[in-house]
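The chain contents come next:
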Amino acid sequence: MRFFLRSRQFKIILAVLCAIILLTASFAIIGHRMSPQTDIASTISAPFRSLFTSVSNIVTDFFQTYNDGSELSLENSELRAEIDDLRNQLANYEEMSEQNEFYKDFLGIKETNPDLTFCDAALISRDSNDPYGSFTINKGSLANIKKYDPVITEAGIVGYITEVGLTSCKVTTILSPDITLGALDNRTHDSGIVTGNISLAKNGYCRFANLARSCTVAVGDYVVTSGEGIFPEGLLIGSVNNIGIDESNNSIYAEIKPFAEIDELRSVMIVTSFDGQGGISVDGGK
């Protein structure tokens, strides 16, 4: 032991211990700083702590973003559902308002024509190959619809039924030459027939024909049904737009614009019965 205390190794160990003690005391005195061992360990671990802190922040941000995104997605879904619900309510309101207006107009017709019995119907398709605008509606024989029943709107005459199925039927319009209806000038009571032809149909017009040369029909006059044929009396047809002379029989004719907008129709009424119903006249002039 005596030889070890005098050895070089002991002196080195003693010097190192003294140096550590002095450094520890110095750090403790100067601002109460951490011990060298702790400082060294802290220095070595600093990059790892920084990396851990960065990863931790990234993970925290990810889950925070996910949670925020989930909440935002849920809020957006709820808002979309509310918007869809409001849109449906608006569509239902508009449909009900349109139906109420539709029935109100027909109640007016019913008041002036108490003998008329109606059946309402909606258009389900149009015949794109027919230049006269024929279409199909969603009522048929199950609703007591029959061939040649008149079809009207609150504005005026549309046409009549030409084909009948159980739950649908076809309507031929007054633009067609296949239709003929007795008519009167509402102002002068001059009589004639209303029918169609291809040249007039292109512009949405039909012809008030077979008027006497002595008639006083004028542009702007209203034309109404006379009650002869398959249509009840006094229903509006259209207004006179132009007047000419038919060279083939030396009679007067007038071009009329129907009050019912054939191309814009969505709903119609079928007249299923009226006083005097039964006369049929469908063989129109070409």
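Fair warning: this is a prediction, and the values are worked out from it, not measured in the lab. (Residues numbered from 1 in each chain as written. Predicted model: local features only at pLDDT ≥ 70, side-chain atom pairs only at ≥ 80, totals over all residues. Heavy atoms only, no water.)

**Let's talk about the overall build of the chain**
So, point 1. Tallying secondary structure elements over the chain gives four helices and 12 strands in all.
So, point 2. Across the 286 residues of the chain, 33% fall into the buried class.
So, point 3. When contacts within the chain are restricted to residue pairs at least 6 apart in sequence, those whose partners lie at least 24 apart make up 57%.
So, point 4. With an accessible surface of roughly 17700 Å², the chain has 57% of that area assigned to carbon and sulfur atoms. (Helix = DSSP H or I, 4+ residues; strand = E, 2+ residues; numbered from the N terminus. Buried < 20%, exposed > 50% of the residue type's maximum accessible area, 1.4 Å probe, protein only. Contact = heavy atoms within 4.5 Å. Areas by Shrake-Rupley, 256 points an atom, 1.4 Å probe, with all protein chains shown as cover.)

**A few points about the sheet that holds strand β5 (residues 169–173)**
So, point 1. Read around the closed barrel, six strands run β1-β2-β5-β4-β3-β12, paired in antiparallel fashion. Strand after strand, the sheet turns through a mean of 45° between neighbouring axes, direction not considered.
So, point 2. Pairing geometry for strand β1 (residues 117–126) and strand β12 (residues 267–273), over six bridges, is antiparallel. Bridging from a neighbouring strand, Cys 119 pairs with Ile 270 of β12. (Pairing = 2+ DSSP bridges. Axes fitted to C-alpha atoms, helices over the stretch in contact; angles between N-to-C directions.)

**Structural notes on the packing of aromatic side chains**
So, point 1. If you walk through the whole model with that rule in mind, you get two aromatic pairs.
So, point 2. When the centroid spacing of 4.9 Å and the interplanar angle of 75° are considered together, the rings of Tyr 222 and Phe 259 count as edge-to-face. Placement of Tyr 222 in strand β9 (residues 222–225) and of Phe 259 in the loop between β11 (251–258) and β12 is noted, with a sequence separation of 37 residues between them.
So, point 3. Residue classification places Tyr 222 among the partly exposed residues on the basis of a relative accessible area of 42%.
So, point 4. Judged by its relative accessible area of 24%, Phe 259 is partly exposed. (Phe/Tyr/Trp six-rings, centres within 6.5 Å; stacked < 30°, edge-to-face > 60°.)

**Some thoughts on the side chain of Thr 188**
So, point 1. Considering the arrangement of structural elements, one finds Thr 188 in the loop between β6 (181–185) and β7 (191–195).
So, point 2. Leaving out residues up to four positions away in the same chain, Thr 188 has contacts with Thr 216, Val 217 and Asp 221.

**Overview of the pattern of salt bridges**
So, point 1. Counted by the stated rule, this structure contains four salt bridges.
So, point 2. Among the ionic pairs, Asp 120 bridges to Lys 139, the shortest N-O distance being 3.9 Å. With Asp 120 in strand β1 and Lys 139 in the loop between β2 (135–137) and β3 (150–152), this residue pair connects regions lying 19 residues apart in the sequence.
So, point 3. A residue is classified by how much of its surface remains accessible, and Lys 139, at 22% relative accessible area, is partly exposed. (Salt bridge = Lys/Arg side-chain N within 4 Å of Asp/Glu carboxyl O.)

**As for unusual backbone geometry**
So, point 1. Positive phi, normally seen in glycine, also occurs at Tyr 148, with a value near 80°.
So, point 2. Tracing the sequence through the fold places Tyr 148 in the loop between β2 and β3.

**As for the confidence of the model for the chain**
So, point 1. Per-residue pLDDT for the chain has a mean of 77; in total, 58% of the residues score no lower than 70.
So, point 2. Predicted confidence is poor over residues 30–34, with pLDDT under 50, and the contacts of this stretch with residues over four places away or in other chains come to six contacts. (pLDDT = per-residue confidence, 0-100.)

**Some points on the pairing of strand β10 (residues 236–246)**
So, point 1. Bridge count between β9 and β10: three bridges; the pairing is antiparallel. When the bridges of β10 are listed, Val 224 appears paired with Leu 236.
So, point 2. Count of turn residues in the β10/β11 antiparallel hairpin: four residues, of which Asn 250 carries a positive phi of about 60°.

**Some remarks on the environment of Val 271**
So, point 1. Relative to the helices and strands, Val 271 resides in strand β12.
So, point 2. The spacing of Val 271 and Tyr 160 is 111 residues in sequence and 9.2 Å in space, taken between C-alpha atoms.

**Here we look at the nonpolar core**
So, point 1. One finds Ile 137, Val 194 and Ile 237 to be the most contacted residues of the largest nonpolar core, which totals 45 residues.
So, point 2. When neighbours within four sequence positions are excluded, Ile 137 is seen to be in contact with Ala 121, Ala 122, Leu 123, Ile 124, Ile 161, Thr 167, Ser 168, Cys 169, Val 171, Val 268 and Ile 270. (Core = buried A, V, L, I, M, F, W, Y, C linked by side-chain atoms within 4.5 Å.)

**What to know about the sheet that holds β9**
So, point 1. Taken in spatial order, the six strands line up as β6-β7-β8-β11-β10-β9 and close into a barrel, and their pairing is antiparallel. Strand-to-strand, the axes of this sheet are offset by a mean angle of 40°, without reference to chain direction.
So, point 2. For strand β8 (residues 206–211) and β11, the ladder comprises four bridges, and the chain directions are antiparallel. From the neighbouring strand, Leu 211 faces β11, where its bridge partner is Ile 252.

**A word on the state of the cysteines**
Where two cysteines share a covalent bond between their sulfur atoms, that bond is called a disulfide.
So, point 1. Considering all chains together, one arrives at zero disulfides under this definition.
So, point 2. Looking at Cys 119, it has no disulfide partner, and the nearest cysteine sulfur is the one in Cys 169, 8.5 Å off. (Disulfide = S-S within 2.5 Å.)

**Overview of the pairing of β11**
So, point 1. Counting buried positions over the eight residues of β11 gives seven, a clear majority of the element.
So, point 2. By the bridge criterion, eight bridges tie β10 to β11 in an arrangement that is antiparallel. Of the residues in β11, the one forming a bridge with Val 240 is Ile 256.

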